[in-house]
Amino acid sequence: MMSARRASVLWLFIILFIGGGNLPFSLAAMQSVPANQDELSDNQYAENESDDDYEDEDEITAAVVAPAPVPLADRIIRSITVEGNFSVPSQAIVSRIPYHEGQRFDPRKTNTLIKNVNDLNYFKNVQLYGEPVGSQEVDLFIVVQEKLKLAGFEFQGNKHLTLKEIEKKINFSKITSIDEMDLPRYIAIIKKLYRDKDYHNAQVTAQLQPVDGAACVRFTIQENSKTLVKRIFFSGNESVTDKKLRSLIYTREDWILGFMDRAGSYQPDMIEADKQVIENYYQSNGFLNARVVNAQVQADAAQEEVMVTYYIQEGDLYTISDISVPGNDLISEEFLKSRLPIKECDLYSKEKIRETIEGLRLLWGDFGYIYADIEPSVKPNEETKTVSVAFYTELGSQVTLDSINIRGNEKTEDKIIRRQLLLQEGGILTTKGMDDSKQRVELLGYFDQRNGVNWKINRLGKDRASLDLMVKEVKTGRAEMNLGFGGSPRDVSSPIESLSLRAALSDSNLFGKGIQFALSGEYAKREVNFNFNLTQPWLFDRPIHAGIDIFTKRTSYSDFFFLEKSSIHENIVGGAFNLGFVSHRAFDSLWINRLIVEDVRYTNTAVDQRTNFINQAQKDELQGIINRRFQSGTFIGYALNVTKDVRNHPVHPSNGYQWQMLTKTVFPSRTTHAIDTPLHGFGFFKADFDVSWYTPLIDERSLVFCLHGHLGLIAPFKHRTVPYRELYNIGGPASVRGFEFGEIGPQWIVPGLAGKSNPLGATKAFWINAELIFPISADFSMKGGIFYDGGAGWDTLDAAQISPANLRNNHFSYRHAVGLGLRVLRPTPIKVDWGFKLDRRKGEEATRVHFSAYHEF
């Protein structure tokens, strides 16, 4: 520290203690001499100096004859010295000082100096001194007093607040020193965390415990009981029921399952938000002057139960008397009125006025007037209780798009995103182009579903702008293990009903180039398969879809009874080459052409001649059925897949639709079979049409309605057959939940033998799925659903060759079920559907559970 002699002659600039509030200072305050000292005469200066308590007479005499010193602001900094620091290097402090040796001293930077040094969080006291050197220079001294080194934190009594939750708000790893004045800030943070958990009466104290020259902070917590909202009342609401108002507000009454949805949580901020919600509801339903004048909160003596009362002044109902929306040469007023959500004679609605303003902005934005200003005018008539509404528009100039910049894409190449954009640099910027481009980029599936793609407009002038496309990437590659039970949720032709294990590697954006790659293998008691796919959606940087598939599959059909062995085994090896394009003339749909080659082999197709359950005629009939469906051979086919997807997200859609039309032609080919049959070889035409439609019912994703439908038809060529797996066996998680594979459709039965039926497969099929989907967690990691499924399969391949007594359900017979579904993404993805038959028949199970789960790594 400085000597007493030095201190006696130093000018005190600032003495600042950390935590001392504001930092006011002035040049006069930093100097011990009057601010106008340059104007004083030598005698006046001597008199001022003589007021100081100098012990050395010679110094006083010298001061009398010395010339007036140069003002501080004009002195040159000769040196900067740091004193009092032990743990923090001087250079670290000097680097924070806005002064440099050799510069002219600027007193205006003193506050910045103090703040910068304080921001190091190592000091509890900072002092700034200056010592004049001659008549032109000054030495600066930064005198600091360090805090205690932090040895650690301890918590006592925190039963309902974990250390991990505290660390999210207080990063202990970055706190290196501490003193008593830091503790109130940490106490306030912990109390806020408790209030968020409804422990409003939690008491938190903190003490510093010395530990070998350092300090440990010990927090002592008394949590006390939760403060919960038990009752909510409304006063003055004559036109709206209490039940309706309770359904609108954030604050809810506590109930037995309140721990699941945080009902009963008391948050003062939410009480204020509730007032706005109630007012907005009233003012959007005709009550122009409705107000919530007060929200009274009453607590019991123990501060454990809270009662909230909202006092409402409804006012009178107002209707819209007239609406004015001036048009121009581009759009007439009549057209604008027809597009407005608000109409004459409607009840006044604040919400619809907001929607109208936004709708008009978007409408004019479609013509390039991005900066159009819409000014509403609302004039109430107190006598007639009506409102006259006008929307005045200042269009400004059409905006030209200067450039598009893509931000946030660390993996995905710019061109992969740019080729989805419909906007052209140098062209007119329109809101429709922005919205459509955003949707196309979202459909790539490379970005976060929640606000992962956004536009930022940068105004460059009254008629020019640039765009920043802000994207937030998510993981597109995945390695997963899938454990499932109850049927395949993807393949309607799969007979899996037992435990299955599936491993897969995939990436929808391989190397950031938009290439799609998938490699998977699946093992189950009745099915083993391997699939490889590689697809380039933009071959040669043109919208040409090219890909290759290689697959093998081994399937066991154990649904057939009376065989020599337990199952018929099917072995398939094949591949396909895909080539497609987008047709703008056909609704911008994607057309994929596939050339398919497959080799199909069957074993264990013989009927057991030793069985006593059926007679010889039935054995022969069953053997003929099997021969016609399970013929071995190789065939070549051509498939055309036409699809269009305008959903707003590929994983969590809430709006839009997707449709697909698939046709498959298998050219006539020879087959081999064990027993002679008039059907020689494969040859058929197959057509499927599939459509899904999504619409939000509450908010954008709070409740989504999905409607899905599928229609299929198979037509065999003359004297040709259709492989069994190509026929429709309806039932299971991929078609109608609540039913087993092939339970809906034609079956071969033996009269009198209950439970012994062989699914024959249908050549015609239809099914629908209607589902209400709602998020259980805010991040969509858990979703629930209520579904209705129904469908039918009919007209089997060879009904004329089967005895009517043994053929069941060959006609159109609609079956349906309802059920509940659960989708969990974290920590382990799980899909569960529980279906209940609405038309249960004798011998059938009433319900069916379809379950699958997988673990990613």
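Residues numbered from 1 in each chain as written. Predicted model: local features only at pLDDT ≥ 70, side-chain atom pairs only at ≥ 80, totals over all residues. Heavy atoms only, no water.

Caption draft 1: Focus on the overall build of the protein chain. Assigned secondary structure in the protein chain consists of 16 helices and 37 strands. Of all 857 residues assigned to the protein chain, the portion counted as buried reaches 46%. Considering only contacts in the protein chain between residues 6 or more positions apart, those separated by 24 or more positions represent 62%. Carbon and sulfur atoms make up 54% of the accessible area of the protein chain, which totals about 43800 Å². (Helix = DSSP H or I, 4+ residues; strand = E, 2+ residues; numbered from the N terminus. Buried < 20%, exposed > 50% of the residue type's maximum accessible area, 1.4 Å probe, protein only. Contact = heavy atoms within 4.5 Å. Areas by Shrake-Rupley, 256 points an atom, 1.4 Å probe, with all protein chains shown as cover.)

Caption draft 2: Structural view of the sheet that holds strand β30 (residues 747-749). Spatially, β31-β30-β34 is the arrangement adopted by the three strands of the open sheet, whose pairing is antiparallel. A single partner strand is all that each edge strand has here, and the edge strands are β31 (757-759) and β34 (807-808). Of the pairings in the sheet, the one linking β30 to β31 comprises three bridges and is antiparallel in character. Bridge pairing links I749 to S757 in β31. (Pairing = 2+ DSSP bridges.)

Caption draft 3: Geometry of the pairing of strand β28 (residues 684-698). Bridge count between strand β26 (residues 656-666) and β28: 11 bridges; the pairing is antiparallel. In the strand pairing of β28, Y657 is matched with W693. Taken together, the 14 bridges between β28 and strand β29 (residues 703-716) define a ladder with antiparallel strand orientation. By the bridge assignment, D690 is partnered in β29 with H710. In sequence, β28 turns back onto β29 through a hairpin of four residues, with D699 there showing a positive phi of about 55°.

Caption draft 4: Representation of the packing of aromatic side chains. The tally for this structure, following the rule as stated, stands at 29 aromatic pairs. Feature note: the residues F153, F155, F172, Y186 and F219 constitute an aromatic cluster, connected by ring pairs. A cation sits over an aromatic face here: R737 above F787, 3.8 Å from the ring centre. (Phe/Tyr/Trp six-rings, centres within 6.5 Å; stacked < 30°, edge-to-face > 60°. Lys NZ or Arg CZ within 6 Å of the ring centre and 35° of its normal.)

Caption draft 5: Spotlight on the sheet that holds strand β10 (residues 291-299). Read across the sheet, three strands follow the order β9-β11-β10 without closing on themselves; strand pairing throughout is mixed. Strands at the two margins of the open sheet, each flanked by one partner only, are β9 (228-235) and β10. Strand after strand, the sheet turns through a mean of 20° between neighbouring axes, direction not considered. (Axes fitted to C-alpha atoms, helices over the stretch in contact; angles between N-to-C directions.)

Caption draft 6: Quick peek at the side chain of N578. Inspection of the secondary structure assignment puts N578 in strand β23 (residues 568-583). Within polar-contact distance, the side chain of N578 engages the side chain of D549 at 2.9 Å. Separated by 2.8 Å, the side chains of N578 and R594 make a polar contact. Aside from chain neighbours lying at most four places away, what touches N578 is N533, H545, A546, G547, I548, D549, I592, N593 and R594. (Polar contact = N/O pair within 3.5 Å; in protein donor to acceptor, adjacent residues only side chain to side chain.)

Caption draft 7: Quick peek at a nonpolar patch on the surface. There is a patch of nonpolar side chains on the surface, built from F577, L579, L595, V597, I636, Y638 and F667 and spanning about 630 Å² of accessible area. Of all the secondary-structure elements, those providing two or more residues to the nonpolar patch are β23, β24 (589-603) and β25 (632-645). Along the chain, the position of Y638 falls in strand β25. (Patch = residues over 30% accessible without salt bridge, like charges linked within 9 Å, V, L, I, M, F, W, Y side chains within 5 Å. Salt bridge = Lys/Arg side-chain N within 4 Å of Asp/Glu carboxyl O.)

Caption draft 8: Spotlight on unusual backbone geometry. We note that Q303 has phi near 60°; this positive angle belongs to a residue other than glycine. Examined against the element boundaries, Q303 turns out to sit in the loop between β10 and β11 (305-313). Look at H719: it is not a glycine, yet its phi comes out positive at around 60°. Secondary-structure assignment places H719 in the loop between β29 and β30. What makes H719 partly exposed here is its relative accessible area of 49%.

Caption draft 9: The pattern of salt bridges, seen in detail. Across all of its chains, the model carries 46 salt bridges by this definition. For R231, the salt bridge is made with E253, and the minimal N-O distance between the two is 3.9 Å. Separated by 22 residues along the polypeptide, R231 in strand β9 and E253 in the loop between α9 (242-248) and α10 (258-261) bring together distant segments of the chain. The salt bridge involving E844 is made with R815; its shortest N-O contact spans 2.8 Å. A residue pair is termed long-range when its members are at least 10 positions apart, and E844 in the loop between β36 (830-837) and β37 (847-856) and R815 in strand β35 (residues 815-824) qualify at 29 residues.

Caption draft 10: Local environment of the nonpolar core. By size, the foremost hydrophobic cluster in this structure holds 39 residues, and its most contacted members are F560, I568, I626, F630, Y724, I730 and W748. Residue assignment for this core shows that the elements contributing at least two residues are β22 (544-557), β23, β24, α16 (616-629) and β32 (764-775). Among the elements that line this core, the one with the most residues is α16, at three residues. The residues touching I730, leaving out its near neighbours within four places in the chain, are S735, V736, E740, F741, G742, E743, I744, A765, W767, A792 and G793. Counting residues in hydrophobic clusters, the runner-up holds 24 residues, among them L150, F155, A202 and A215. (Core = buried A, V, L, I, M, F, W, Y, C linked by side-chain atoms within 4.5 Å.)

Caption draft 11: Spotlight on helix α8 (residues 183-196). The end-to-end C-alpha distance of α8 is 20 Å, a good match for the 20 Å that 14 residues give at a rise of 1.5 Å each. Taken together, the buried positions of α8 are occupied by L183, Y186, I187, I190, L193 and Y194. Mapping the buried residues of α8 onto a view down its axis gives an arc of 120°, with all of them on the same face. Where α8 is buried, its residues meet β5 (148-156), α7 (163-169), β6 (177-178), β7 (203-211) and β8 (214-222). (Expected span 1.5 Å × (residues − 1). Arc of directions from axis to C-beta.)

Caption draft 12: A look at the environment of W659. Among the secondary structure elements, W659 is positioned in strand β26. Separated by 30 residues in the primary sequence, W659 and F689 have C-alpha atoms spaced 7.5 Å apart.

Caption draft 13: Main features of the confidence of the model for the protein chain. Averaged over every residue, the pLDDT of the protein chain is 84; the share at 70 or more is 87%. Across residues 1-67, confidence stays below pLDDT 50; counting only partners more than four residues off in sequence or on other chains, it has 87 contacts. (pLDDT = per-residue confidence, 0-100.)

Caption draft 14: Representation of helix α13 (residues 350-365). Along its 16 residues, α13 runs 23 Å from first to last C-alpha, staying within 8% of the 22 Å computed at 1.5 Å per residue. Inspection of α13 places I353, T356, I357, L360, L363, W364 and G365 among the buried residues, and these make up the whole buried set. Buried residues belonging to α13 abut α12 (333-338), β13 (373-381), β14 (386-394) and α15 (431-442).

Caption draft 15: Looking closely at the pairing of strand β19 (residues 500-510). Bridge count for β19 against strand β20 (residues 515-524) is nine bridges, and the pairing is antiparallel. Paired with L510 across the two strands is I515, which belongs to β20. If you look at the hairpin formed by β19 and β20, you'll find four residues sitting between the two strands, and F511 has a positive phi there, around 60°.

Caption draft 16: Region of the structure containing the environment of T634. Relative to the helices and strands, T634 resides in strand β25. Taking the C-alpha atoms as reference, T634 lies 9.5 Å from I572; in sequence the two are 62 residues apart. Among the polar contacts listed, one links the side chain of T634 to the side chain of D599, at a separation of 2.5 Å.

Caption draft 17: Expanded view of the side chain of N729. In this structure, N729 sits in the loop between β29 and β30. A polar contact of 3.5 Å, which involves the side chain of N729, links it to the backbone nitrogen of G761. Not counting chain neighbours up to four residues away, the residues in contact with N729 comprise V492, Y724, F741, G742, P759, L760 and G761.

Caption draft 18: Fine view of the environment of G452. Within the fold, G452 resides in the loop between α15 and β16 (453-459). Taking the relative accessible area as the measure of exposure, G452 reaches 2% and is therefore buried. Along the sequence, G452 and V471 sit 19 residues apart, while their C-alpha atoms lie 5.3 Å from each other. The contact partners of G452, leaving out residues within four places of it in the chain, are F447, M470, V471 and K472.

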